[in-house]
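Here's the letter readout for the chains.
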Amino acid sequence: MTNPVLSVRNLEVEFHTRRSILHAINGISFDIAKGEVLGVVGESGAGKSVTGLAVIGLIDPPGRISGGEIYLSGMRIDHLPPEEIRRIRGKRIGMIFQDPLTSLNPLYKIGDQIVETIRTHLNLSETAARKRAIDLLAEVGIPAPEKRIDAYPHEFSGGMRQRVVIALAICAEPDLIIADEPTTALDVSVQAQIISLIKRLGRDHGTAVMLVTHDMGVIAETSDRVAVMYSGRIAEIGPVQDVVQNPLHPYAKGLMGAIPTLAGEDKRLVQIPGSMPRLSAIPNGCSFNPRCGFVFDRCRVERPEPIAHGTQAVACHLYDAAPKTAIKETAA
Amino acid sequence: MLAFTLRRAIQAIGVMLAVGIISFSMFRFAGDPVNQIVSLDTSAAEREAVRKSLGLDDPVVMQFARYFGNAAQFKFGVSYQFRQPVSSLLAERMPATLELAICATIFAMVFGILMGVYSALKRDSALAKIFQAVSLIGISLPTFLIGILLIYLFSVTLGWLPSFGRGDVVRVGWWTTGLLTLSGLKALILPSITLGLFQLTLIMRLVRAEMLEVLRTDYIRFARARGLTTRAIHFGHALKNTLVPVITVAGLQFGSVIAFAIITETVFQWPGMGLLFVQAVQNVDIPIMAAYLLMVSLIFVTINLVVDILYTVVDPRLRSTIRRPA
Amino acid sequence: MSDAVVPHRAEPSAAPARAGTGWFRRALDSDIFYSFRRSKLTMVAATVTLLFFLLAIFASVLSVQNPFDPAQLQLMNSRISPLWTADGQSPFLLGTDEQGRDVFSAILYGLRISLVVGVLGVVFAGTLGITLGLIAGYVGGAVDGLIMRIADVQLTFPAILIALLVNGVAKSVFGNRLDAMSTLVVLVIAIGLSFWVQYARTVRGSVMVEKNKDYVAAAQLIGLPAPIIMLRHVLPNTMGPILVIATINLALAVITEATLSFLGAGMPDTMPSLGTLIRIGNNYLFAGEWWIVAFPGFALAGLILSINLLGDWLRDALNPKLR
C-alpha cells in the first residue's frame, strides 16, 4: 500500500502566552489519500486553521508544534529546517486562505505574483512562466486571462480574486491543497462555484485536499471524508456519508442536527447549548463533558481516545466496550 | 486623475493665499514701512510723499494685490539691515540651504530605512534595541545640542571636520555648490547629520511600525504559504508596501527639513536662508521674514502637491479610484 | 426533536466586571498603576522629572548665588573649572562662566525659567486648543470649517518657524528692546500659538462623538447652557488624551523655548533660560571651557528625555491601541 499524501500523527500545538501555555491542538491524527478531499469541521477556535498552518509549517511564535509527527507522502516534514519547509510550501502543498480580498499583495499585478511563485518553485523562464500563468488563470475560470494577467488585485471581484488565489496555490502542481475557509468571505452565489472549482481541480490533478470550514453543508457537498474537531481534538472522523447520516459523537450529533435540510421542514434546527471552552479553561477529561447530554463520571476524569467504530473513529467513552456504559446508543 | 490634481492645486493656491495675507499683514502692519526707509529727521510732508510713492494710502485690498503680484515675481522689497533687495539675498542663500536639506534628507532616508527594516525584522536583537534607544534620544535631544556635541567631538576634540561655514564653493551659473570641492563636502557632513538626525529617527520609527504592520497582513502570510523566499517576502513584498506611506511622510518632511535648517544653520554658521531668517528675526527685518515665510510656504505647498501625485503613481489602488471616481 | 438535545450547563464564568466610575478611579484601579510599577524606566523618568521640578522650585535655596544679580558676581571668580578638576574651587560645583557666574546656580535658575515658560506655554496652548476644539465641535458648520482649515494649514508648518515669526512680529510691534519679563510672555504666547492644533483636533473629535449621545440631549432638554454642558459633561471624556498630549507637549515646549533662546530670539542674557545658557556657553567651547555649555546641555537633555519617557508611557498606558 502506498503512503497517504498527508499523514498526521498525535500532533500537538501550543501557544505560549504571558500567563500560561495554551494547547490549541491536543494530539490529533488523520490521513489524506491521493485525490481525496478531507473536510475538517468545527466551531471557531476548535483548532481547524491551526492544524492547516501546522501542516504547512506556518505556526509562528509564540506558537509551536510541541509533539507528534507530520508526513508528506511518507517524508517527515514537521522538523525540517525553515529553508526546506519553505521549498515544500507552494510547491508540494498549496494553501488557500479565507479572505481573497487581503490574500493578494495590492501593489503587484496578479500576473507578477503568479510568475514569481512559479519561478520560485519551477525552473522556468520568464516567458514560459508567464504562459503557464495564463493557462492557470484559464484553468481556474478567469475570462480573457491574457489580458487580466496584467490587472491589479483590486480590479477583480471577490470571487475572481479567490480564483486567482487558487491559481497561485496550484501553480506548482502540489500534492496537497489546504483550503482554509475558502468560501466564508464570499457571496453565497459565488461559494458554490469556488467549491466546485476546488473539487474539480482535486479530481483532475489527483491532488489531496484538506478543506477547513465551519460549514457542514460545504463539507457534505465536497468531501470524501470528514473530521469533526472540538477544542483541539478530533471528536469523530469517517466517510462523509456515514458521519452525516449517522453521527456517533454527541457533539457531531448536535452539529449534524444543525444542518437545515429540505426534507425535514417540520424538524426544528437543533442548537448545542453552551459554547466551546476557551483554550485557557479546557475541562479535565473529555473537553465536551460540560455540554454533553450523555456525560458520566468517566468523562470528567479521563480523556477519550479515538475508537474505531465501523468506518468511523470516535473519541467518546460511550463507544468504549471495556466499561459498562449507562446509556447505549444503537449505531444502526 | 486630472480632476484630482486640479483639486489639489486649487487647495494649494488657497493655502498660498492665506500665507500671503499673513505675510502681507506682517509687512504692512508690523512696523511702519515708511519709518524703515526715511531717517528720523524727515519732515511729516516728506513722510507723506514716501507713503504715497509706496502706495501705502491705497485701499488695503489693492495694496495686497500689488504685494502679491510683486511676490509672484519674487519681488519682496528691500531688506532693512542690508539695504539690498530681499530676492537677491534669498537667491544668494538658497543653494546653501537646499544642498544641506537634500544631503540631510538622503542621510535620513538611507539610514532611517535601513535601521527601521532591521529593527522590524530582528525585533528582539540587541542592535534593534540600541536603535530604539538611540531614536528616543534623537527625538529628545534638541537639534542645537546635537550640533554642539558633534562640533565638540569632531571639530574641537578630533579636529577632523570643520565646525562652521560651507568650505570652498564652486559657482555653476547662479548656483553655488559645495559638492564639488573636498572642503565643501567635508563641511557638509556635520550639518547634514545634525539636520537629518531627527528625520532619521522619525523615518526609522515609521518604517519599523509600518513594516511590522505589513508583516502581519494576510498577503504576507499567503506569500509565505506560496513558499516564496524570505528575501523575496521581506524585500520584495513587505518593503514595497512599507515604503508607500514612508515616501509620503519623508516627502512631506522635506519642507520641515528646510524650516529646521534654521537651527542647524545657526549652529554651524551655514550661510543659508535659515541663518538669514534668524538674523532677520533678531534685527526685526520684516521684509526678509515675510519673504522667507512665503518662500518656505511655496516649497511646502509644492512638495505636498508633488507627494500627493507621486502617491497615486506608486499605489495602483488610488490610481484607479481616482481615474474612476465612485 | 433530535436526540442530541442536551441540558444546558453554565459556561465558565467571565472575568468579573470591573467596577469603576469616572476616569480617575478607572485609571488608578486599572492597568495604569500596574504598568507604572512594572516599568523601571518610567519610574526613573518620573523621579527625574519630579527632581527637576523641585530643583526649579527651590532654586534660590539650593544655589550659592543669585546668578541674575550682577552685584553677587565677581570677575575674579570667572572661568573656574568644575570642582573635581585640578583647578576647581569651592563652592562652584560645576565651575563658573566668564562673568564669574556659578554654573550650577545658573542652571537652577535657568531650569526655573525653562519650566515656567514650558508649563505656561502648554497651559496656554491647551486652553486655546480646547476652547477652539469645543467650539468647532459643538457649533459645527462654517465655524468648524474655518477653525479646522486654519489648524490644517498650521500643522504643515514646524512649530519653531511659527514661534520665531510670532517672536519677530512681537519685537517689531513693541520695539526691539523688550524687557525680560515681556520676552517671557511673548515666548509663552509664541509656544501657545504653535501647539494648540493637536488639542483642538482631539477635543473636537470627541465632542463630535459625545454630542449626539443621549445624556447631552438630556442636558439640553433640562435647559443647561451649552458652555456648561461642554465643560461639565463633554470635556471630562477627553481628559485622558489631553493629558498625554500635554505631557508630550511639555517636552516640545521646553525644546522650543530652548531653541528660540539659543537662536537669540528668546530669553535675554540678563535672565537666561537653559537655552540661553547653552548659547552663551557655546562661545567658550573652542577655548576648552566645556563645562559652561556641557552642564546646561545635560540638564536640558535629561529634562526633555524624562518628560518624553513619561509621555510615551502615559500614551501606551492610557491607550494600548496606539502602540
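Because the structure is a prediction, the values reported are computed rather than measured.

Okay, the nonpolar core next. Ranked by size, the top nonpolar core spans 133 residues in total, and within it B:F144, B:F277, C:L161, C:L164 and C:L300 carry the most contacts. Examining the composition of this core, we find that 15 residues originate from one element, helix α12 (residues 286-314) of chain B, more than from any other. Each residue touching B:F277, except ones within four places of it in the same chain, is listed here: B:I262, B:M289, B:Y292, C:L161, C:L164 and C:L165. Of all hydrophobic cores here, the second largest spans 102 residues; its members include A:A46, A:C171, A:I219 and A:F288.

The subject of this paragraph is the sheet that holds strand β3 (residues 37-41) of chain A. Residues and elements named next belong to chain A. The mixed open sheet is built from 8 strands, whose spatial order is β6-β7-β8-β3-β9-β10-β12-β11. Each edge of the open sheet carries a strand with a single partner, namely β6 (93-96) and β11 (307-309). In this sheet, adjacent strand axes meet at a mean angle of 20° when their direction is disregarded. Alignment of β3 against strand β9 (residues 225-230), held across 4 bridges, turns out to be parallel. Along β9, the bridge assignment pairs V41 with V228. The strands touched by helix α1 (residues 48-56) are β3, β6, β7 (176-180), β8 (208-213) and β9; relative to β8, the strand with the most contacts, the crossing angle is about 145°.

Secondary-structure assignment places A:R86 in helix α2 (residues 82-88). Under the relative-accessibility criterion, A:R86 is labelled buried at 6%. With residues near it in sequence (within four places) discarded, A:R86 still touches A:T120, A:H121, B:G227, B:L228 and B:T229.

Quick look at the pattern of salt bridges now. The final tally for this structure, using the stated rule, is 23 salt bridges over all chains. A:R130 is the partner of A:D150 in a salt bridge, and the nearest nitrogen-oxygen pair spans 3.0 Å. Pair noted here: A:D150 is in the loop between α6 (145-148) and α7 (158-170) and A:R130 is in helix α5 (residues 126-139), with a separation of 20 residues, a long-range link. With a closest N to O distance of 2.8 Å, B:E99 and B:R166 form a salt bridge.

Once that is clear, we can look at a nonpolar patch on the surface. Residue and element names in this part refer to chain C. Residues L50, L54, I57, F58, V61 and L62 make up a contiguous nonpolar surface patch of about 590 Å² in total accessible area. Listing elements by their share of the nonpolar patch, those giving two or more residues are α3 (40-57) and α4 (59-62). At 3 residues, the largest contribution of residues to the nonpolar patch is made by α3. Residue position: L62 is located in helix α4.

Definitions and cut-offs
- Starting from 1, residues in each chain are numbered consecutively following that chain's sequence as written.
- All chains are assigned letters beginning at A, and all ligands numbers beginning at 1, according to the order in which they are written.
- Side-chain atom pairs in this predicted model are given and counted only at pLDDT of 80 or more, local residue features only at pLDDT of at least 70, and totals for whole chains, interfaces and linings cover all residues.
- The side-chain values count all of the structure's non-hydrogen atoms but skip hydrogen atoms and water molecules.
- Definition of nonpolar core: a set of buried residues of the types Ala, Val, Leu, Ile, Met, Phe, Trp, Tyr and Cys, connected through side-chain atoms within 4.5 Å.
- Throughout, exposure labels follow a simple rule: accessible area from a 1.4 Å probe, protein chains only, divided by the maximum for the residue type, with under 20% read as buried, over 50% as exposed, and the rest as partly exposed.
- A run of DSSP states H or I qualifies as a helix once it reaches four residues; a run of E qualifies as a strand once it reaches two. Both are numbered from the N-terminal end.
- We call two residues in contact whenever any of their non-hydrogen atoms come within 4.5 Å of each other.
- Two strands qualify as a pair provided that DSSP identifies no fewer than 2 bridges between them.
- In this description, a line fitted to the C-alpha atoms serves as the axis of each element, helices being fitted only across the stretch in contact, and the angle between N-to-C directions of two axes falls anywhere from 0 to 180 degrees.
- By convention in these notes, a salt bridge is any Lys or Arg side-chain nitrogen within 4 Å of a carboxyl oxygen on Asp or Glu.
- Here a patch means residues that are over 30% exposed by relative accessible area and free of salt bridges, tied together within 9 Å if like-charged and within 5 Å if nonpolar (Val, Leu, Ile, Met, Phe, Trp, Tyr).
- Note that accessible areas follow from Shrake-Rupley with a 1.4 Å probe, and for residues the cover is restricted to the protein chains shown.

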